[in-house]
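Topology and contacts: notes
What follows is the residue order along each chain.
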Amino acid sequence: MRIITVANQKGGVGKTTTAVTLAHGLALKHHNVLLVDLDPQGQCAPHLGMEQEPGVFDLLVAELPLRDVVRTTGRPNLWLLPGNKRTKTAETLMVIENRGVDTLQTVLGEKVNGSRLHYLILDTAPSVGGIQENALYACDLLLIPTSLDHLGLKGLTEILKTLRAVNRSSPPAMWILPTFYDEVTRESRVNLAHLRETFGDLVLPPIHRATVLRECPALGRTIFEHAPESRAAEEYATLVWEVLNGEG
Ligand SMILES: Nc1ncnc2c1ncn2[C@@H]1O[C@H](COP(=O)(O)OP(=O)(O)O)[C@@H](O)[C@H]1O
Ligand SMILES: [Mg+2]
């Protein structure tokens, strides 16, 4: 089983879109995938056309077994551990109780063991405070969606700082996914070039800004359902391919 954490300390850079789409893409390739929504905003459920129910809270605080808090999504091979604003309460309690940075890894590891999950995709909130650090600690691959503007790049720098602060004995593999790419805009082109100069091979092919992607959450569908022939679907299929075949 591989754990992939999707993180950037800036909101609105495409984290949830990437987590939901990657999870569905891997499931379409016949892998068993659990999408875990660690953001109190809980946008993964509506993006999949589902109710925003607790899940993460019950796992972390009520300590229910994973099988009791996981939902089927109506899509083969894809399960969801939904989150909602109670996730914030769970985080506060974790801090008060002084639970360590390995808490999430332990609960997910213990309870998932024995099942046949191939991928765990962790969608995270843009804020530090306990859960994000746990997600950085637990992952095999850190995937950082980054919009090609100043704030997106700043969020990338900040997540790298947090990763260092988490102080893992061996850092996870890391990929940067440029998002909202618009080659007509100079800022977009310059920032993509800058990312490639700085991070080289860690930078994946970009996801263009696309109206069809923006439409997905409100429809409760992934891009593979809403517009499977679109460039956006093709670009996300490339990401799925990279995860299945790449080094990360
Ligand atoms: N490549 C894209 N092109 C256009 N809109 C996008 C793209 N990626 C995401 N969006 C939209 O931008 C908004 C923020 O994306 P989201 O994935 O929720 O970001 P985050 O989880 O980082 O806050 C959502 O409305 C989403 O549908
Ligand atoms: Mg999000």
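Below or above, wherever it landed, is the structure these notes cover. As the structure is a computational prediction, the values presented were derived from the model and not from experiment. (Residues numbered from 1 in each chain as written. Chains lettered and ligands numbered in written order. Predicted model: local features only at pLDDT ≥ 70, side-chain atom pairs only at ≥ 80, totals over all residues. Heavy atoms only, no water.)

Counting its regular elements, the protein contains 12 helices and 7 strands. For a compact globule of 248 residues, the expected C-alpha radius of gyration is about 18 Å, and the protein comes in at 17 Å, within 12% of that figure. When the 248 residues of the protein are sorted by exposure, 53% land in the buried category. The long-range fraction of contacts in the protein, counting pairs at least 24 apart against all pairs at least 6 apart in sequence, stands at 77%. Summing over all exposed atoms, the protein offers an accessible surface of approximately 11300 Å²; the carbon and sulfur share of this is 50%. Looking at charge distribution, the protein has the averaged site of its 24 positive side-chain charges lying 2 Å from that of its 28 negative ones. (Helix = DSSP H or I, 4+ residues; strand = E, 2+ residues; numbered from the N terminus. Rg over C-alpha atoms; globule rule 2.2 N^0.38 Å. Buried < 20%, exposed > 50% of the residue type's maximum accessible area, 1.4 Å probe, protein only. Contact = heavy atoms within 4.5 Å. Areas by Shrake-Rupley, 256 points an atom, 1.4 Å probe, with all protein chains shown as cover. Lys, Arg positive; Asp, Glu negative; His and termini not counted. Charge placed at Lys NZ, Arg CZ, Asp CG, Glu CD.)

With that settled, the discussion passes to the pairing of strand E7 (residues 173–179). Judged by how many residues are buried, E7 sits mostly within the fold: 6 of 7 residues are covered. Judged from the 7 bridges that link them, strand E6 (residues 141–147) and E7 form a sheet pairing that is parallel. When the sheet's bridge partners are listed, isoleucine 144 is paired in E7 with isoleucine 176. In this view, the connection linking E6 to its parallel neighbour E7 by way of helix H8 (residues 150–166) has right-handed handedness. (Pairing = 2+ DSSP bridges. Right-handed = clockwise from strand over helix to strand, strands pointing away.)

Among the 7 residues of E6, 7 are classified as buried, and the element is accordingly described as predominantly covered. Where burial is concerned, the two faces of E6 agree: the one with Leu141, Leu143, Pro145 and Ser147 and the one with Leu142, Ile144 and Thr146 are both buried. For strand E1 (residues 2–6) and E6, the ladder comprises 3 bridges, and the chain directions are parallel. If you follow isoleucine 4 over to E6, its bridge partner there is leucine 141.

Okay, the environment of valine 61 next. Relative to the assigned elements, valine 61 resides in the loop between helix H3 (56–60) and helix H4 (66–69). Of the residues examined, valine 61 reaches a relative accessible area of 29% and is grouped as partly exposed. Filtering out sequence-adjacent residues up to four positions away, valine 61 remains in contact with Ala90 and Leu93.

Another point: the site of ligand 1. For ligand 1, the set of nearby residues contains 15 residues, the closest of which are Gly12, Lys15, Thr16, Thr17 and Ala210. At 2.7 Å from an oxygen atom of ligand 1 is found a main-chain nitrogen or oxygen belonging to glycine 12. Backbone polar atom of valine 13 to an oxygen atom of ligand 1: 3.0 Å apart, as the coordinates give it. Counting atoms within 2 Å of the grid points, the majority share of ligand 1 lands in the largest pocket. For the shell around ligand 1, the elements supplying multiple residues, two or more each, are helix H1 (15–28) and helix H10 (211–219). Grouping the amino acids of the shell around ligand 1 by side-chain chemistry returns 6 nonpolar, 6 polar and 3 charged. (Near = heavy atom within 4 Å. Polar contact = N/O pair within 3.5 Å; in protein donor to acceptor, adjacent residues only side chain to side chain. 1 Å grid on protein atoms, 1.4 Å probe; cavity = no way out; pocket = protein on both sides within 12 Å on 5 of 7 lines; lining within 4 Å. Sits in = over half its atoms within 2 Å of the grid points. Nonpolar A, V, L, I, M, F, W, Y, C, P; charged D, E, K, R; others polar.)

A few words on the state of the cysteines. One pass over the full model with this rule turns up 0 disulfides. Here cysteine 216 is not cross-linked by a disulfide; its sulfur's nearest cysteine counterpart is in cysteine 44, at 13 Å. The exposure class assigned to cysteine 216 is buried, which follows from its relative accessible area of 1%. (Disulfide = S-S within 2.5 Å.)

What follows is about the layout of surface pockets. Within this model, the largest pocket holds a volume of roughly 750 Å³. Around the largest pocket, the lining comprises 35 residues; the ones closest to its centre are Gly12, Val13, Gly14, Lys15 and Thr17. Looking at the lining of the largest pocket element by element, the count peaks at 4 residues for H10. (Points joined across faces, edges and corners; volume = space filled by probe spheres on them.)

What follows is about the pattern of salt bridges. Applying the stated criterion across every chain yields a total of 6 salt bridges. The shortest N-O distance in the salt bridge between glutamate 53 and arginine 71 comes to 3.0 Å. Highlighted residues: glutamate 53 in the loop between helix H2 (44–47) and H3 and arginine 71 in strand E3 (residues 71–72), separated in sequence by 18 residues. The partly exposed category is assigned to glutamate 53, whose relative accessible area is 31%. The shortest N-O distance in the salt bridge between glutamate 97 and arginine 99 comes to 4.0 Å. (Salt bridge = Lys/Arg side-chain N within 4 Å of Asp/Glu carboxyl O.)

Coordinates in, geometry out; function isn't part of it.
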